[in-house]
Amino acid sequence: MSPTNPSTHPTPPDIIRAAYAELIVTDLATSRAFYHGVLGLVITHEDDDAIYLRAFEEYLHHSLVLRKGPVAALAALAYRVRTPEDVEFAADYYTGLGCRVERRASGATRGIGASVRVEDPLGFPIEFFHEAEHVERFTRRYDVHGAGAISRLDHFNVMTPDIGAARGYYEGLGFKVSEDIQDEAGTTYAAWMYRKATVHDVALTGGDGPRMHHIAFATHERHQILHICDHLGAIRESDKIERGPGRHGVSNAFYLYLRDPDGHRIEIYTHDYYTGDPDNPTLTWDVHDNQRRDWWGTPVVPSWYSEASAVLDLDGNPRTLVEREEPAEESVTIGADGFSYTREGEPQPEYKLGHQV
Ligand code: 4SX
Ligand code: FE2
């Protein structure tokens, strides 16, 4: 039987990009003050149950839903697919994987057309949709942008115990790996995977899971990220800054991690690079290279490795965690492990290709 036989290998949906996240928050007013008041996200709609937000360049109804609930958690990560037929392909594909699949009528989430939600093989609630309501795109609304303007959602980051297995699952969906972090024994600690032509739509972080590590929004400029830091300082909420600002090694992006009022981690991210050619090379980092996660060598704070948001199943119940069996990145890199390096005897990864500049 051919490996592409549709009876054994249903066609995966043609995924365009990471499109929206639905987070459960415990107090809508407090979350509104953070996401709208501080980050400046535009409110498309709000009611007693939820707030629907988007960034300035987005014209779909929302890229973030904040839904009120008793316990802070992730309710869904949604990918946009290319055609309505791809929503059907998604249903068939996950049924073929033995996953729980639920069809959702148009409007089940405000602004979103017919969709399917699945409990994926890693235990995450994932949605696939094509149709969505269009709203005003605020690209040139500089009168409302402010100094910390956020342009669009960029990526999801999920915590899962077995990065090799998770990578294989996402490769089956047509994602490619832009960068990863490994050690000399071949253990993979994290991987960055994309459908749109950037470094990632989803990153896989090794750890007890399923948990949501963060969602990331993009700005156009570094100074917009710095302004968000200044803004938080000015309102005496600098404790919302968890890590950064800094320059990532992996992805080369400029970054900042915040914790929202419920502890959900939000990254603000800019200046990664184009990956759209079919032969885009994968860059592998050594876990002991202390510039891999921050190009300036700033240490990663321990909470960034250990804390992450609970994930709900399709009934709204928190998932139990599966422990990571392979070594944890923080255990091999934090503290006096004696293995980290800034300069090795040989050139750093980027320069190993031997090109003269
Ligand atoms: O910390 S890393 O430099 O590995 C990193 C983390 C790179 C890109 C990301 O989006 C991220 O969250
Ligand atoms: Fe990220």
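What this report covers is the structure whose coordinates are included nearby. As the structure is a prediction and not an experimental result, all values here were calculated from the model.

1. Observations regarding the overall build of the protein chain
Across its full length, the protein chain holds seven helices and 17 strands. Against the 2.2 N^0.38 benchmark of 21 Å for 357 residues, the protein chain shows a C-alpha radius of gyration of 20 Å, consistent with a compact globule. Its C-alpha atoms give the protein chain principal-axis dimensions of about 65 × 60 × 40 Å. Looking at the 357 residues of the protein chain, the share that counts as buried comes to 53%. A total of about 15600 Å² of accessible surface is found on the protein chain, and carbon and sulfur atoms cover 50% of it. One way to put it: in the protein chain the 34 positive side-chain charges average out to a point 4 Å from where the 56 negative ones average out.

2. Overview of the pairing of strand β8 (residues 125–129)
Burial analysis of β8 places five of its five residues in the buried class, which makes it a mostly covered element. Burial along β8 is two-sided: Pro 125, Glu 127 and Phe 129 and Ile 126 and Phe 128, pointing in opposite directions, are all buried. Sheet analysis places strand β5 (residues 73–81) next to β8, joined by four bridges and oriented parallel. The residue of β8 that forms the bridge with Tyr 79 is Phe 128. Taken together, the five bridges between strand β7 (residues 115–119) and β8 define a ladder with antiparallel strand orientation.

3. Some words on the sheet that holds strand β1 (residues 15–25)
An order of β2-β3-β4-β1-β5-β8-β7-β6 is seen for the eight strands of this open sheet, with the pairing classed as mixed. Only two strands of the sheet have a single partner each, and these edge strands are β2 (42–46) and β6 (101–104). Each neighbouring strand pair of the sheet contributes to a mean axis angle of 25°, computed without reference to strand direction.

4. A few points about the site of ligand 1
As a structural note, the neighbourhood of ligand 1 is formed by 14 residues, with His 155, His 214, His 248, Tyr 257 and Arg 293 the closest of them. His 155 is positioned such that a nitrogen or oxygen atom in its side chain is 3.0 Å from an oxygen atom of ligand 1. With respect to ligand 1, the side chain of Arg 293 contributes an N or O atom lying 2.9 Å from an oxygen atom. Protein burial of ligand 1: of its 320 Å² of free accessible surface, 100% is covered by the chains. Among the cavities detected, the one that contains ligand 1 is the largest cavity.

5. Focus on the coordination of the iron ion (ligand 2)
Protein coordination at the iron ion (ligand 2): the donors are His 155 (NE2), His 214 (NE2) and Glu 267 (OE), at 2.0 to 2.2 Å from the metal. Of note, the donors binding the iron ion (ligand 2) are all from one chain and are spaced H-x58-H-x52-E. Of this pair, His 155 sits in strand β9 (residues 152–160) while His 214 sits in strand β13 (residues 211–218), and the two are 59 residues apart along the sequence.

About the criteria used
Residues numbered from 1 in each chain as written. Chains lettered and ligands numbered in written order. Predicted model: local features only at pLDDT ≥ 70, side-chain atom pairs only at ≥ 80, totals over all residues. Heavy atoms only, no water. Helix = DSSP H or I, 4+ residues; strand = E, 2+ residues; numbered from the N terminus. Rg over C-alpha atoms; globule rule 2.2 N^0.38 Å. Buried < 20%, exposed > 50% of the residue type's maximum accessible area, 1.4 Å probe, protein only. Areas by Shrake-Rupley, 256 points an atom, 1.4 Å probe, with all protein chains shown as cover. Lys, Arg positive; Asp, Glu negative; His and termini not counted. Charge placed at Lys NZ, Arg CZ, Asp CG, Glu CD. Pairing = 2+ DSSP bridges. Axes fitted to C-alpha atoms, helices over the stretch in contact; angles between N-to-C directions. Near = heavy atom within 4 Å. Polar contact = N/O pair within 3.5 Å; in protein donor to acceptor, adjacent residues only side chain to side chain. 1 Å grid on protein atoms, 1.4 Å probe; cavity = no way out; pocket = protein on both sides within 12 Å on 5 of 7 lines; lining within 4 Å. Sits in = over half its atoms within 2 Å of the grid points. Donors = N, O, S within 2.8 Å, 3.2 Å for Na, K, Ca; no water.

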